[in-house]
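Tertiary structure, described
What follows is the residue order along each chain.
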Amino acid sequence: MRKENGKPYHILIAGGDSWFSQGDNAILAGTLQILSGEMPGSEITVLSDRPDVTRRFHTGVHAIYRRDLAAVWTAMGKLDLVLWGGGQLIQNISSQAFILFQLTLLSIAYAQHVPVMGFALGAAELRGRLWRTLTRRAIERLTAITVRDMGTQQALMDLGVRKPIEVTADPALVLEPDDGEQVLMNEAIPSRFAIIAPRRWFHYRHTLFPIASRPASDQPQSGKFEAVLDGLAQTADWLIEGHGLGVLFVPMYPGATQHDEFVCQEIRRRMHHSSHSLVLQGSYTPQVLLGLFGMAQVVVGLRLHSAILSTCGAVPSMIVYNQLKGLSFFEQIDMRKFAFPIDNVDWPELRSSLARLLEDRPLYVEKLRDRRDRLAAAARLSGRIAHDILLEN
């Protein structure tokens, strides 16, 4: 797809909060796949915390350091379209600086008179009248808005946004798996296994800047999070004892400010049968990771994209959700009864639900295939809307 003068369109993707995150990587990979189908031949630039990693995992794209605002300004002056999203960009739970940075990016694009599309956006709690007002005004200037779930649509309407909001789906849902067999061999993963994808929670304080994270073993845990760690350890032992499964812990957000790998190790430390579990060590593309998820018997996740990758592979999953995005996704796939709020998890009930997923696995696999195909089609709608914006401008 090219302009009338034969030159390619230039598109910039400003999404996710870090490419250390496997979820953000999956969103980007899905977005690129959607764009390649709708706008083949376009030149794509990605704002990234780690441009070298982004270029390595996603061949053929340009990447610039997202915090180099001078470089961002220069890049935006050459663009035909900015895609703001996907991912949960409308929130200040992690820090107030996060939403300030997002609004700064939008201001740069608006100052350059570049069309900006809200692309499969996610929204969470946004505290403070000033932040809500500034964010509403910025969103009202978007050329078009698509969101990944109805919860986000409602959040934007509650914010006072009056522009049309199209509900699509998370871009990661269009991904196709690469062969995960090599991962099984490289990491000595048993042939029958369950995945647990944990994370930290109860540590955000709505501060101006993000709270620095230390390894879980070196950091005092809140009483609530201690209960979550114990519950996951007991669930892992239950999967091993009662169902003969190995347990693979997958750090969806290793290193950086999150250190999921240390949470994984802390859970293993509390287990009775930790010798039948292991933590995924390698760094893999989203497609390879999807291939691995697709071979699991069941998935228990605390991060949204562990459930999304499971759904892509038609593998039954459940989520212990800390934000409404987790609940919204399980409503999208008609699996609401397998979503548990992290503030008050009934662990015996969770394990009872997990048993139902395993006992009736073939039925849920078929159900998830149907939901996956529908949501993948919805996700591609965001790309068609972006395509139309380019043609109109």
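Here, every reference points to the structure presented above.
Just so it is clear, the structure is predicted and the values come from calculations on it, not from any experiment. (Residues numbered from 1 in each chain as written. Predicted model: local features only at pLDDT ≥ 70, side-chain atom pairs only at ≥ 80, totals over all residues. Heavy atoms only, no water.)

**A look at the environment of Thr-54**
We apply this condition: Helix and strand labels come from DSSP, where a helix needs a run of H or I of at least four residues and a strand needs a run of E of at least two; each type is numbered from the N terminus. Each residue gets one of three labels from its accessible area relative to the maximum for its type: buried under 20%, exposed over 50%, partly exposed in between, using a 1.4 Å probe on protein chains only. What qualifies as a polar contact is a pair of N or O atoms within 3.5 Å, subject to a donor-acceptor requirement within protein and to the restriction that residues adjacent in sequence count only when both atoms come from side chains.
With respect to the secondary-structure elements, Thr-54 resides in helix α2 (residues 51–57). Owing to a relative accessible area of 1%, Thr-54 belongs among the buried residues under this scheme. When the C-alpha positions of Thr-54 and Asp-158 are compared, they lie 35 Å apart, and in sequence the two are 104 residues distant. Engagement of the side chain of Thr-54 in a polar contact is seen with the side chain of Ser-48, the distance being 2.6 Å.

**Some details on the environment of His-243**
Quick reminder of the rule: Any two residues whose heavy atoms approach within 4.5 Å at even a single point are treated as in contact.
Note that His-243 resides in helix α8 (residues 223–243). Classification of His-243 by relative accessible area gives partly exposed; the value is 26%. With 51 residues separating them along the chain, His-243 and Arg-192 place their C-alpha atoms 9.8 Å apart. The contacts of His-243, once residues within four sequence positions are left out, are Arg-192, Trp-238 and Leu-358.

**Brief notes about the pattern of salt bridges**
Spelled out, the test is: One speaks of a salt bridge when a side-chain nitrogen belonging to Lys or Arg is within 4 Å of a carboxyl oxygen belonging to Asp or Glu.
According to the stated counting rule, one finds 17 salt bridges in the structure shown. When the shortest N-O distance is used, the salt bridge between Arg-270 and Glu-226 registers 2.7 Å. Of this pair, Arg-270 sits in helix α9 (residues 260–270) while Glu-226 sits in helix α8, and the two are 44 residues apart along the sequence. We classify Glu-226 as partly exposed; its relative accessible area is 27%. Residue Glu-366 is joined to Arg-369 by a salt bridge in which the shortest nitrogen-to-oxygen separation is 3.5 Å. In this pair, Glu-366 and Arg-369 both sit in helix α14 (residues 361–392), three residues apart, roughly one turn of the helix. Residue class for Glu-366 comes out partly exposed when judged on its relative accessible area of 48%.

**Examining unusual backbone geometry**
Here the residue pair Gly-85 and Gly-86 is connected by a cis peptide bond, since its omega of -5 degrees sits within 30 degrees of zero. With respect to the secondary-structure elements, Gly-86 resides in the loop between β4 (81–84) and β5 (87–90). One non-glycine residue, His-259, lies in positive phi territory at about 55 degrees. With respect to the element layout, His-259 can be found in the loop between β10 (246–249) and α9.

**Concerning the pairing of strand β1 (residues 10–14)**
Looking along a regular strand, one sees the side chains alternate between the two faces of the sheet. The line we're drawing: If DSSP finds at least two bridges between two strands, the strands pair.
Extensive coverage of β1 is indicated by the burial of four of its five residues. As paired elements, β1 and strand β2 (residues 43–48) share four bridges and run parallel to each other. The partner of Ile-11 across the bridge, within β2, is Ile-44. Relative to β4, β1 runs parallel, the two being bridged by four bridges. Looking across to β4, one finds that Leu-12 is bridged to Val-82.

**Re empty space enclosed by the protein**
Note the cut-off: Cavity means a closed set of points on a 1 Å grid over the protein atoms alone, one where a 1.4 Å probe fits but cannot get out, pocket means an open set with protein on both sides within 12 Å along at least 5 of 7 lines, and lining means a residue has an atom within 4 Å of a point. Grid points are joined across faces, edges and corners, and a volume is the space filled by probe spheres set on the points.
Taken as a whole, this structure holds two cavities of 30 Å³ or more when the rule is applied. What the largest cavity holds in volume is close to 40 Å³. As for the largest cavity, its lining consists of Arg-148, Asp-149, Asp-170, Leu-173, Leu-304, Ile-308, Phe-329 and Gln-332.

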